[in-house]
Amino acid sequence: DGGITQSPKYLFRKEGQNVTLSCEQNLNHDAMYWYRQDPGQGLRLIYYSQIVNDFQKGDIAEGYSVSREKKESFPLTVTSAQKNPTAFYLCATGGGGDYQPQHFGDGTRLSIL
Amino acid sequence: RKEVEQDPGPFNVPEGATVAFNCTYSNSASQSFFWYRQDCRKEPKLLMSVYSSGNEDGRFTAQLNRASQYISLLIRDSKLSDSATYLCVVNMGTASKLTFGTGTRLQVTL
């Protein structure tokens, strides 16, 4: 079954804790993205990676970190430095060039305990 | 000015109605354009790409006006299942990064 798998679906973070959100894809897409969505707001880009072992900051990278050791995987860590982490986190992939659409996983909802 | 601007709605329309959404974008260098649909508490899903010549997919028609930096989506014969938020999405010409509008909410009623 091809696609993008995000886990977990729901995640709770305690004060001062780092948490890691998983994103795995078997679409063989080079580019992967992390977005954050807050209620009533558009998606905002956190980090993106166009190739293995390389990634760039998006518009709201502070308090987050990523790695891209494998083509299939692009995990996002929400660090304790992110003071307002409660949001819907969406991972996306893009294949086939600069001007193609992106496709999304079904998201992870992160809340503060 | 926001990079991608949409009327947030909500648009409340009866079943069978025709409804149109508009979107404006700020960067004239933008290269590609899309409409996504997002159901409540779900991920966005690609509805259609928008081409310069305009394009149609069943009841949905998308138009692009580069001179006015304006994109539209027309839904004919609205169904209850069309109720969702419609996101206007633009590639601003920087690598493969997309910029999302905040969405227009559509509620189709009996």
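Residues numbered from 1 in each chain as written. Chains lettered and ligands numbered in written order. Predicted model: local features only at pLDDT ≥ 70, side-chain atom pairs only at ≥ 80, totals over all residues. Heavy atoms only, no water.

A. Here's a closer look at the state of the cysteines. Scanning all chains against the criterion turns up two disulfides over all chains. Across a sulfur-sulfur distance of 1.9 Å, Cys23 of chain A and Cys91 of chain A are joined as a disulfide pair. Between Cys23 of chain A and Cys91 of chain A, the S-S torsion sits near -70°, and that sign places the bridge as left-handed. One end of the pair, Cys23 of chain A, is in strand β3 (residues 19-25); the other, Cys91 of chain A, is in strand β9 (residues 87-94), and 68 residues separate them in sequence. Residue class for Cys23 of chain A comes out buried when judged on its relative accessible area of 0%. For Cys91 of chain A, a relative accessible area of 0% corresponds to the buried category. Note on cysteine connectivity: Cys23 of chain B is disulfide-linked to Cys88 of chain B, with sulfurs 2.0 Å apart. (Disulfide = S-S within 2.5 Å. Helix = DSSP H or I, 4+ residues; strand = E, 2+ residues; numbered from the N terminus. Buried < 20%, exposed > 50% of the residue type's maximum accessible area, 1.4 Å probe, protein only.)

B. Molecular detail of the nonpolar core. Ranked by internal contacts, the top residues of the largest apolar core, which has 24 residues, are Trp35 and Ile71 of chain B. Every element with two or more residues in this core is listed here: β3 (19-25), β4 (32-38), β5 (44-50), β7 (60-65), β8 (70-75), β9 (84-91) and β11 (104-109) of chain B. The contact partners of Ile71 of chain B, leaving out residues within four places of it in the chain, are Phe21, Asn22, Cys23, Tyr25, Phe33, Trp35, Val50, Gln63, Leu64, Cys88 and Val90 of chain B. The next biggest cluster of nonpolar side chains, apart from the first, holds 20 residues, and it includes Leu11, Val19, Tyr89 and Leu110 of chain A. (Core = buried A, V, L, I, M, F, W, Y, C linked by side-chain atoms within 4.5 Å. Contact = heavy atoms within 4.5 Å.)

C. Layout of the pairing of β9 of chain A. Residue and element names in this part refer to chain A. Counting buried positions over the eight residues of β9 gives eight, a clear majority of the element. The side-chain alternation of β9 yields two buried faces, one formed by Ala87, Tyr89, Cys91 and Thr93 and the other by Phe88, Leu90, Ala92 and Gly94. Two strands pair when backbone bridges link them, and strand β4 (residues 31-37) and β9 are joined in this way by seven bridges, in the antiparallel orientation. Each bridged residue has a counterpart across the sheet, and for Tyr35 the counterpart in β9 is Leu90. Sheet topology note: the β9/strand β11 (residues 108-112) ladder contains three bridges and is antiparallel. The partner of Phe88 across the bridge, within β11, is Arg109. Bridge analysis of β9 against strand β10 (residues 102-104) gives three bridges, and the strand direction is antiparallel. Directly across from Thr93, in β10, lies its bridge partner His103. (Pairing = 2+ DSSP bridges.)

D. Inspection of the interface of chain A and chain B at higher detail. The partner chain B presents 19 residues to the 24 residues of chain A that form the contact. Roughly 1,800 Å² is buried in total at the junction of chain A and chain B, and carbon and sulfur atoms are behind 56% of that figure. Remark: the boundary between chain A and chain B carries zero salt bridges. At the junction of chain A and chain B, the tally comes to two residue pairs in polar contact (both at pLDDT 80 or more). Those elements giving two or more residues to the side of chain A that touches chain B turn out to be β4, β5 (43-51), β9 and β10 of chain A. With four residues, the top contributor of residues to the side of chain A that touches chain B is β5 of chain A. (Buried area = accessible area lost by both parts, 1.4 Å probe. Salt bridge = Lys/Arg side-chain N within 4 Å of Asp/Glu carboxyl O. Polar contact = N/O pair within 3.5 Å; in protein donor to acceptor, adjacent residues only side chain to side chain.)

Geometric descriptors of this kind do not, in isolation, establish any biological role.
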